[in-house]
Amino acid sequence: MRRRSEICQFRFENLQRFSDTIKQFDVNATAFCVGKLAEKNQNIVKKAGEYIEIASHSYSHTDLLNASRDKLDIEIRLNKILLHNISNQKISGFRPPREQTNKRLREVLKDSGIEYVLEKNLGQLLPKYDDNLVILPRIGTDDYAYLIQLDWNSTKIVDRIVKEMNFITSLNAIYTLSTHTHLFSYKSNISILEEAIKEFKKSGIPILSGAEIVKKIETTKKIKLKSSLTDKN
């Protein structure tokens, strides 16, 4: 039996509302799509993919930690192919259901050609490598929590987002804003996302997709620092 929240998050049509907002403010974002729903809403995915990165959120949004290898093949490798065929994009990112991974799941991700995974933060501030797989920690309050903590008071929510963003980026870490299709992207709640984006743009901090973050990480790996002495030391 699935939890109610997992059923509600499949208001897939609101992906269009999300991508329209991203287009309006000319920023970057990633949509982690459940393949089973993307398959039923291919036109929405194609249109959204014109403005945002499309990545994988598994095929059926089920527990993957204890799944068989055949099940993981469907949920990860075949879903990657499905999303590519729908969006005509390279699918390089994966966000696991409930943000949980283990060694076995990561091995399947690597074998399937996934380049990065966005997962639950277990105490790390910066992205790290597991062989060629980049692990991006999700740092920042999930929009589920705002429903409980701040009663959908848009002013308080945006204020909390900005405070988190300022604090986390001051630590030189990556702040991630999570928005679900049945929460921040649902009906008038989209205004919360709009106000947050305005505040981000004011700060001058770049708003990046997952793939762009990975690209920057790869670039920094190529930077070599040297020091040398001069006659003036």
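Everything that follows concerns the structure shown earlier in this document.
Structure report, in brief. (Residues numbered from 1 in each chain as written. Predicted model: local features only at pLDDT ≥ 70, side-chain atom pairs only at ≥ 80, totals over all residues. Heavy atoms only, no water.)

Within the secondary structure layout, Ser-87 lies in helix H5 (residues 69–87). Assessed through its relative accessible area of 11%, Ser-87 is described here as buried. The spatial distance from the C-alpha of Ser-87 to the C-alpha of Lys-163 is 35 Å, given a sequence separation of 76 residues. When sequence neighbours within four positions are dropped, the list of residues in contact with Ser-87 reads Val-45 and Ile-54. Separated by 2.7 Å, the side chain of Ser-87 and the backbone oxygen of Leu-83 make a polar contact. (Helix = DSSP H or I, 4+ residues; strand = E, 2+ residues; numbered from the N terminus. Buried < 20%, exposed > 50% of the residue type's maximum accessible area, 1.4 Å probe, protein only. Contact = heavy atoms within 4.5 Å. Polar contact = N/O pair within 3.5 Å; in protein donor to acceptor, adjacent residues only side chain to side chain.)

Phi at Asp-131 takes a positive value of approximately 60°, unusual for a residue other than glycine. Following the sequence through the fold, Asp-131 ends up in the loop between strand E5 (128–130) and strand E6 (133–138). Backbone geometry places Trp-152, a non-glycine residue, at a positive phi of 55°. Turning to its location among the elements, Trp-152 is positioned in the loop between helix H7 (143–149) and helix H8 (154–170).

Another aspect to go through is the layout of surface pockets. In this structure, the largest pocket encloses a volume near 1300 Å³. Tyr-175, Thr-176, Leu-177, Leu-208 and Ile-213 are, among the 48 residues lining the largest pocket, the residues nearest its centre. Looking at the lining of the largest pocket, the elements with two or more residues in it are helix H2 (14–25), strand E1 (30–33), strand E4 (116–120), E6, H8, helix H9 (190–203) and helix H10 (210–221). Residue classes in the lining of the largest pocket are distributed as 31 nonpolar, 14 polar and three charged. (1 Å grid on protein atoms, 1.4 Å probe; cavity = no way out; pocket = protein on both sides within 12 Å on 5 of 7 lines; lining within 4 Å. Points joined across faces, edges and corners; volume = space filled by probe spheres on them. Nonpolar A, V, L, I, M, F, W, Y, C, P; charged D, E, K, R; others polar.)

Ranked by internal contacts, the top residues of the largest apolar core, which has 24 residues, are Phe-12, Leu-15 and Ile-52. Sorting the residues of this core by element identifies H2, E1, helix H3 (35–40), helix H4 (42–48), H5 and H9 as the ones contributing at least two each. Ranked by the residues each element gives to this core, the list is headed by H2, at four residues. Setting aside chain neighbours within four positions, we find Leu-15 in contact with Ala-31, Cys-33, Ile-44, Val-45, Ala-48, Ile-52 and Thr-181. Counting 15 residues, the second largest nonpolar core, distinct from the first, contains Leu-150, Met-165, Ile-168 and Phe-184. (Core = buried A, V, L, I, M, F, W, Y, C linked by side-chain atoms within 4.5 Å.)

Position of Ser-58 among the secondary structure elements: in the loop between strand E2 (53–56) and H5. Among the residues examined, Ser-58 registers a relative accessible area of 0% and is labelled buried. There is a polar contact of 2.9 Å between the side chain of Ser-58 and the backbone nitrogen of His-61. For Ser-58, the residues in contact, after removing those within four places along its chain, are Cys-33, Val-34, Gly-35, Leu-64, Glu-75, Asn-79, Phe-94 and Pro-97.

The alternating pattern of E2 places Glu-53 and Ala-55 and Ile-54 and Ser-56 on opposite faces, both of which are buried. Bridge count for E1 against E2 is four bridges, and the pairing is parallel. Within E2, the position partnered with Cys-33 by the bridge is Ser-56. (Pairing = 2+ DSSP bridges.)

Bringing the side chain of Ser-209 into the picture now. Looking at the secondary structure, you find Ser-209 in the loop between H9 and H10. Apart from residues lying up to four places away in sequence, Ser-209 is in contact with Asn-28, Ala-29, Thr-30 and Glu-53.

Okay, the packing of H2 against H9 next. Where H2 meets H9, the axes come as close as 11 Å, and the angle between the chain directions of the two elements is 30°. Taken together, the axis directions place H2 and H9 in an arrangement best described as roughly parallel. In this structure, H2 crosses over H9, and the sense of that crossing is right-handed. Between H2 and H9, the residues in contact are Arg-17, Phe-18, Thr-21, Ile-22, Gln-24 and Phe-25 and Ile-190, Leu-193, Glu-194, Ile-197, Lys-198 and Lys-201, respectively. (Axes fitted to C-alpha atoms, helices over the stretch in contact; angles between N-to-C directions. Parallel < 35°, antiparallel > 145°, perpendicular 65-115°, else oblique. Left-handed = near helix turned anticlockwise from the far one by under 90°.)

Before going further, it helps to spend a moment on the pattern of salt bridges. This structure, assessed with the given rule, holds 16 salt bridges. Arg-69 is paired through a salt bridge with Asp-111; the nearest N and O atoms lie 3.4 Å apart. On the criterion of sequence distance, the pair formed by Arg-69 in helix H5 and Asp-111 in helix H6 (residues 103–111) is long-range, its members being 42 residues apart. Classification of Arg-69 by relative accessible area gives partly exposed; the value is 47%. Given the relative accessible area of 55%, Asp-111 is considered exposed. One salt bridge in this structure joins Glu-115 and Lys-90, with 2.5 Å as the shortest N-O distance. Taken together, the positions of Glu-115 in the loop between H6 and E4 and Lys-90 in the loop between H5 and strand E3 (93–94) put the pair 25 residues apart, joining distant regions of the chain. What makes Lys-90 exposed here is its relative accessible area of 59%. One connected set of salt bridges, linked through shared partners, spans Arg-106, Glu-107, Lys-110, Glu-119, Asp-130 and Asp-131. (Salt bridge = Lys/Arg side-chain N within 4 Å of Asp/Glu carboxyl O.)

Purely spatial values, then, with no claim about function.
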